[in-house]
Amino acid sequence: MKKFKKIMAAALAATMLVGAVGCGGAKGGETNTTGGDTSGGGKEIKVGIINNDPNESGYRTANDKDLKAMFGEGNTNGYKGEFAYSLKNDEQIAAAQKFIQDGVDYLLLSAADTSGWDSVLKDAQAAGIQVILFDRTIDADPSLYAASIVSDMDKEGEQAANWLKDQNLSEYKIIHLQGVMGSAAQQGRSGALDTLAKENGWTIVTQQTAEWNAEKAQQIVQSVIDSGESFNVIYAENDDMAKGAVAALDKANISHGVGKDVVVMGFDCNKWALEELLNKNWNYDGQCNPFQAKYIDEVIKKLEAGETLSEKTIIMQEKGFDATTITEDDVNNYGI
C-alpha cells in the first residue's frame with residue numbers, strides 16, 4: 001500500500017480535523033469509515049470521499065445516498081469507502097491530507113470552493129493516488145486529477161437566465177439568493193444572471209448568500225418585504241432557498257407562480273419542487289443531476305484495468321423545467 005510520509009502535514013491535518021468537528025450546522029471534518037465486500041475475491045479498493053454536508057440540501061442528500069450505495073457499508077462492488085463532510089474548504093483540505101496519509105487508492109472530491117487545491121492534488125499525485133472530481137469543478141491544472149464528473153454549472157445558469165429573459169416581463173426587479181460563495185454551482189448560476197442583468201438593465205434588488213439554506217433565504221426575503229422595496233422575481237440558486245423565499249411571500253400574502261405577482265426560480269429538481277411547478281406555484285427549476293456514483297465507478301474500473309480515459313471531463317446532460325409545460329411524467333422521471 002502506498003505511503004505518504006510527511007509527519008508535519010499529518011499532524012496538521014489531524015489537528016484541523018479534530019478542531020473542525022461540531023463547528024456550526026455543517027458536519028465539518030466528520031469522517032465515517034465503511035467497508036464493502038470485494039466481489040469475486042478481488043482486490044479491495046480504498047476510496048476516500050470528500051463531500052459537502054449531506055443536510056445542505058435535497059440535492060446533496062441524494063448525492064450522498066448515491067455515493068454510499070456504491071462505495072459505503074455493505075456494498076458488493078469491491079470498495080472500502082471513507083467519507084468526510086464539510087462546507088468549509090480548509091476542513092475539506094485537512095480531510096484530504098488525512099486520506100492521503102491513510103493511503104487510499106482514490107480520492108473523490110466535491111470541493112466546497114474552487115480554489116486552494118493545488119498543494120493537496122500534488123501531494124496525492126506524489127503518493128500515487130488518483131483524484132476524481134465529482135459534482136463541482138476546481139481551479140487546478142487538469143494534469144493533477146484523473147477525471148472530472150460534473151454538471152455544467154455555467155450552462156445551468158445560462159439556461160435559467162435566458163429563460164427569465166424570454167419571459168419579457170415589463171420590468172425586472174430581482175431578489176438574487178446565492179449559494180455558498182466560491183462554489184462552482186454558485187459561480188455558474190450567479191455569473192449568467194449578473195451578465196444578463198447588466199446587459200439588459202435589470203434591477204438586482206438584493207444579492208446575498210443564503211448558503212443553500214431555506215431559513216436564511218426566508219430571512220433575506222422578509223427583510224426586503226419589510227423595507228417596502230418592490231420586486232417581482234426570486235432567483236434562488238437551489239430549491240431549498242426558493243422554498244424559504246416562498247415562505248416569506250406566503251407570510252406577507254404576496255402571490256407567486258404562473259400569472260402571479262412574483263416569478264419563482266430554483267435549481268436541483270427535488271421532486272417536491274417540481275410538484276410546485278406542476279401546481280404552478282413556482283415558475284422554473286433547473287436540473288442538477290446528483291447521481292454520479294456510476295460514472296465514478298466506470299472511471300475507476302477503466303483506471304484499474306490500465307485503460308486510457310477517452311475524456312477527462314464528463315459533463316452530465318441537464319435541462320430546465322417551465323411550469324407552463326412540465327408534466328407529471330417529468331416530475332416522476334426527473335424529481336430527486
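The preceding data block contains the structure.
In this report, we go over the structure that sits alongside the text.

**What to know about the nonpolar core**
Okay, step 1: Judged by nonpolar contacts, the single largest core of 36 residues is most densely connected at Ile 175, Leu 177, Val 221, Phe 231, Ile 234 and Leu 249.
Okay, step 2: Elements supplying a minimum of two residues to this core: β7 (173-178), α6 (184-200), α7 (214-227), β9 (233-236), α8 (239-251) and α9 (271-278).
Okay, step 3: Counting residues per element, this core draws most heavily on α8, which supplies six residues.
Okay, step 4: Setting aside residues up to four positions removed in sequence, Leu 249 forms contacts with Val 221, Ile 225, Phe 231, Ile 234, Ile 254, His 256, Val 262 and Val 264.

**Let's talk about α8**
Okay, step 1: Here α8 spans 18 Å end to end across 13 residues, near enough to the 18 Å set by a 1.5 Å rise per residue.
Okay, step 2: Burial in α8 covers these residues: Asp 239, Asp 240, Met 241, Ala 242, Gly 244, Ala 245, Val 246, Ala 248 and Leu 249.
Okay, step 3: Directly after α8, the chain includes Asn 253, whose backbone phi takes a positive value near 60°.

**Notes on α9**
Okay, step 1: Along α9, the residues classified as buried are Ala 273, Leu 274 and Leu 277. One side of α9 holds all its buried residues, which, seen down the axis, span an arc of 100°.
Okay, step 2: Buried residues along α9 sit against α8, β11 (284-287), β13 (320-322) and α11 (328-334).
Okay, step 3: Lys 280 sits one or two residues past α9 and shows a positive phi near 65°.

**What about the packing of helix α5 (residues 153-166) against α6?**
Okay, step 1: Two numbers describe how α5 lies on α6: the axes approach to 7 Å, and their chain directions differ by 35°. Note that α5 runs across α6; the crossing there is right-handed. Between α5 and α6, the contacting residues are Met 153, Asp 154, Glu 156, Gly 157, Glu 158, Ala 161, Asn 162, Leu 164 and Lys 165 on the first element and Ala 184, Ala 185, Gly 188, Arg 189, Ala 192, Leu 193, Leu 196 and Asn 200 on the second.
Okay, step 2: When the residues that make up the contact of α5 with α6 are grouped by side-chain class, the tally is eight nonpolar, four polar and five charged.

**Section: the sheet that holds strand β8 (residues 203-209)**
Okay, step 1: Read across the open sheet, the six strands follow the order β8-β7-β9-β10-β11-β13; overall the sheet is mixed. Looking at the sheet topology across the chains shown, the edges are occupied by β8 and β13. In this sheet, adjacent strand axes meet at a mean angle of 15° when their direction is disregarded.
Okay, step 2: Inspection of the sheet shows β11 paired to β13 by three bridges, in the antiparallel sense. The residue bridging Gly 286 from the neighbouring strand is Gly 320, located in β13.
Okay, step 3: Across the face of the sheet, α6 comes into contact with β7, β8, β9 and β10 (263-268) while running at roughly 160° to β7.

**Details of the packing of aromatic side chains**
Okay, step 1: One pass over the full model with this rule turns up seven aromatic pairs.
Okay, step 2: On the numbers, 4.7 Å between centres and 65° between planes, the contact of Phe 71 with Tyr 79 is edge-to-face. The pair Phe 71 / Tyr 79 is uniform in exposure class, with both members buried.
Okay, step 3: Residue placement shows Lys 68 over the ring face of Phe 83; its charged tip is 5.8 Å from the ring centre.
Okay, step 4: A cation sits over an aromatic face here: Lys 243 above Trp 272, 5.0 Å from the ring centre.

**What to know about the side chain of Asn 89**
Okay, step 1: Within the element layout of this structure, Asn 89 appears in helix α3 (residues 89-102).
Okay, step 2: Among the residues examined, Asn 89 registers a relative accessible area of 16% and is labelled buried.
Okay, step 3: Among all residues touching Asn 89, those that are not within four sequence positions of it are Ala 112, Asp 113, Ser 115 and Trp 117.

**Details of the pattern of salt bridges**
Okay, step 1: Overall, the coordinates contain 12 salt bridges when judged by the stated rule.
Okay, step 2: Glu 304 is the partner of Lys 43 in a salt bridge, and the nearest nitrogen-oxygen pair spans 3.5 Å. In this pair, Lys 43 is assigned in the loop between β1 (30-35) and β2 (45-51) and Glu 304 in helix α10 (residues 293-304), connecting sequence segments 261 residues apart.
Okay, step 3: Owing to a relative accessible area of 54%, Lys 43 belongs among the exposed residues under this scheme.
Okay, step 4: Residue Asp 135 pairs with Arg 136 through a salt bridge whose shortest N-O separation is 3.5 Å.

**As for the pairing of β10**
Okay, step 1: Across the six residues that make up β10, a large majority, six, are buried.
Okay, step 2: Here β10 shows two buried faces, one formed by Val 263, Met 265 and Phe 267 and the other by Val 264, Gly 266 and Asp 268.
Okay, step 3: Regarding topology, α8 serves as the crossover connection from β9 to the parallel β10, and that connection is right-handed.
Okay, step 4: One ladder, built from four bridges, connects β10 with β11; its direction is parallel. In the sheet register, Phe 267 faces β11, and the bridge partner there is Gly 286.
Okay, step 5: After leaving β10, the chain enters α9 and then returns to the sheet as β11, a path that is right-handed.

**Observations regarding unusual backbone geometry**
Okay, step 1: With a phi angle near 55°, Glu 211 is a residue other than glycine that sits in the positive phi range.
Okay, step 2: For Glu 211, the position within the fold is in the loop between β8 and α7.
Okay, step 3: Positioned with a positive phi, Lys 280 is a non-glycine residue whose angle comes to about 65°.
Okay, step 4: Along the chain, Lys 280 turns up in the loop between α9 and β11.

The rules behind these values
- Residues numbered from 1 in each chain as written.
- Predicted model: local features only at pLDDT ≥ 70, side-chain atom pairs only at ≥ 80, totals over all residues.
- Heavy atoms only, no water.
- Core = buried A, V, L, I, M, F, W, Y, C linked by side-chain atoms within 4.5 Å.
- Buried < 20%, exposed > 50% of the residue type's maximum accessible area, 1.4 Å probe, protein only.
- Helix = DSSP H or I, 4+ residues; strand = E, 2+ residues; numbered from the N terminus.
- Contact = heavy atoms within 4.5 Å.
- Expected span 1.5 Å × (residues − 1).
- Arc of directions from axis to C-beta.
- Axes fitted to C-alpha atoms, helices over the stretch in contact; angles between N-to-C directions.
- Left-handed = near helix turned anticlockwise from the far one by under 90°.
- Nonpolar A, V, L, I, M, F, W, Y, C, P; charged D, E, K, R; others polar.
- Pairing = 2+ DSSP bridges.
- Phe/Tyr/Trp six-rings, centres within 6.5 Å; stacked < 30°, edge-to-face > 60°.
- Lys NZ or Arg CZ within 6 Å of the ring centre and 35° of its normal.
- Salt bridge = Lys/Arg side-chain N within 4 Å of Asp/Glu carboxyl O.
- Right-handed = clockwise from strand over helix to strand, strands pointing away.

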